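What follows is each chain in one-letter form.
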Amino acid sequence: QVQLAESGGGLVQAGGSLRLSCAVSGRTFSIYAMGWFRQAPGKEREFVASISGNGGRTIYTDSVKGRFIISRDNAKDTAYLQMNSLTPEDTAIYYCASSRGSSERQNAYEYFVWGQGTQVTVSS
C-alpha cells in the first residue's frame, strides 16, 4: 500500500520561509514524479510544483517561481518543497502527490496517491 505523509507546515509571518517534507512508502520512489498542490479556503486545488523521478526536471506555477523550490532525495524516499518569501496568498493546505509516470506534470488526474495535507498559514 502506497502512503504519503507530509510534514513541516505551520504559521509563519509574511516574508518568512517553511520547508515541507513528503515521505513516501510502498512503492519505488525514484521512478515516479512527485508533485505539490495546494487548496486555499473557498478555492479549488491548484498545482504548485512537480519534479521528475530522477530529480533532473522541475516545473512551477507562475505565482511561486523564484520563491519555491521543489526537490527530492531518492535515497530517503522523500520530496521537499522549500517555500521562501511567503505571502498571505500562499495560505492553504498543501498536499504532496505521487504520479503515474516519471516525468514532471501539473495535472491532478495524473497523480494517483495523495497525502493527507499540511496546513500553511502566512500572517501579514
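Preceding this paragraph is the structure being described.
Criteria and cut-off values
- Residues numbered from 1 in each chain as written.
- Predicted model: local features only at pLDDT ≥ 70, side-chain atom pairs only at ≥ 80, totals over all residues.
- Heavy atoms only, no water.
- Helix = DSSP H or I, 4+ residues; strand = E, 2+ residues; numbered from the N terminus.
- Rg over C-alpha atoms; globule rule 2.2 N^0.38 Å.
- Buried < 20%, exposed > 50% of the residue type's maximum accessible area, 1.4 Å probe, protein only.
- Contact = heavy atoms within 4.5 Å.
- Areas by Shrake-Rupley, 256 points an atom, 1.4 Å probe, with all protein chains shown as cover.
- Lys, Arg positive; Asp, Glu negative; His and termini not counted.
- Charge placed at Lys NZ, Arg CZ, Asp CG, Glu CD.
- Core = buried A, V, L, I, M, F, W, Y, C linked by side-chain atoms within 4.5 Å.
- Pairing = 2+ DSSP bridges.
- Axes fitted to C-alpha atoms, helices over the stretch in contact; angles between N-to-C directions.
- Salt bridge = Lys/Arg side-chain N within 4 Å of Asp/Glu carboxyl O.

Tell me about the overall build of the protein chain, residues and numbers included.
Tallying secondary structure elements over the protein chain gives zero helices and eleven strands in all. Along the protein chain, from the amino end to the carboxyl end, the secondary structure elements read β-β-β-β-β-β-β-β-β-β-β. For the protein chain, the C-alpha radius of gyration of 13 Å lies close to 14 Å, the compact-globule estimate for 124 residues. For the protein chain, the C-alpha atoms occupy an extent of roughly 40 × 25 × 25 Å along the three principal directions. Counting over 124 residues, the protein chain shows a buried share of 45%. For the protein chain, the proportion of contacts with a sequence separation of at least 24, taken over those separated by at least 6, is 59%. Counting only carbon and sulfur atoms, one obtains 45% of the accessible surface of the protein chain, whose full area is about 6100 Å². Measuring between centres, the 12 positive side-chain charges of the protein chain sit 4 Å from its 10 negative side-chain charges.

Kindly report on the nonpolar core, identifying the contributing residues and their values.
Trp 36, Leu 81, Met 83 and Tyr 94 are the most contacted members of the largest nonpolar core, which totals 27 residues. For this core, the secondary structure elements donating two or more residues are strand 3 (18–25), strand 4 (34–39), strand 5 (46–51), strand 7 (68–73), strand 8 (78–83), strand 9 (92–99) and strand 11 (118–123). Of all the elements, strand 3 adds the most residues to this core, at four residues. In this view, Leu 81 contacts Leu 18, Arg 19, Leu 20, Trp 36, Val 48, Ala 49, Phe 68, Ile 69, Ile 70 and Tyr 94; residues no more than four positions away in its chain are not counted.

Any details on the environment of Met 34? Residues and values, ideally.
Checked against the element boundaries, Met 34 lands in strand 4. Considering only alpha carbons, one finds Met 34 and Cys 22, twelve residues apart in sequence, at a separation of 9.4 Å.

Talk me through the sheet that holds strand 1 (residues 3–7); I want residue IDs and the actual numbers.
Read from one edge to the other, the open sheet built from four strands follows the order 1-3-8-7, with strand pairing classed as antiparallel. Only two strands of the sheet have a single partner each, and these edge strands are strand 1 and strand 7. With strand direction ignored, the average angle separating the axes of adjacent strands in the sheet is 15 degrees. The pairing of strand 3 with strand 8 spans six bridges and is classified as antiparallel. Bridge pairing in strand 8 links Ala 23 to Thr 78.

Let's hear about unusual backbone geometry: which residues, and what values?
Of note in this structure, Asp 77 is not a glycine but carries a positive phi near 55 degrees. With respect to the helices and strands, the residue Asp 77 is situated in the loop between strand 7 and strand 8. In the Ramachandran plot, Ser 85 falls in the positive-phi region, its phi being about 50 degrees despite a non-glycine side chain. Considering the arrangement of structural elements, one finds Ser 85 in the loop between strand 8 and strand 9. Looking at Ser 85, the relative accessible area reads 43%, which means it is partly exposed.

Tell me about the pattern of salt bridges, residues and numbers included.
Summed over the entire model, instances satisfying the criterion amount to six salt bridges. Residue Asp 62 pairs with Lys 65 through a salt bridge whose shortest N-O separation is 3.0 Å. Residue Asp 62 is classed as exposed on the basis of its relative accessible area, which comes to 58%. With relative accessibility at 49%, the residue Lys 65 sits in the partly exposed group. Shared partners join several salt bridges into a network, and the residues in it are Arg 38, Glu 46, Arg 67 and Asp 90.

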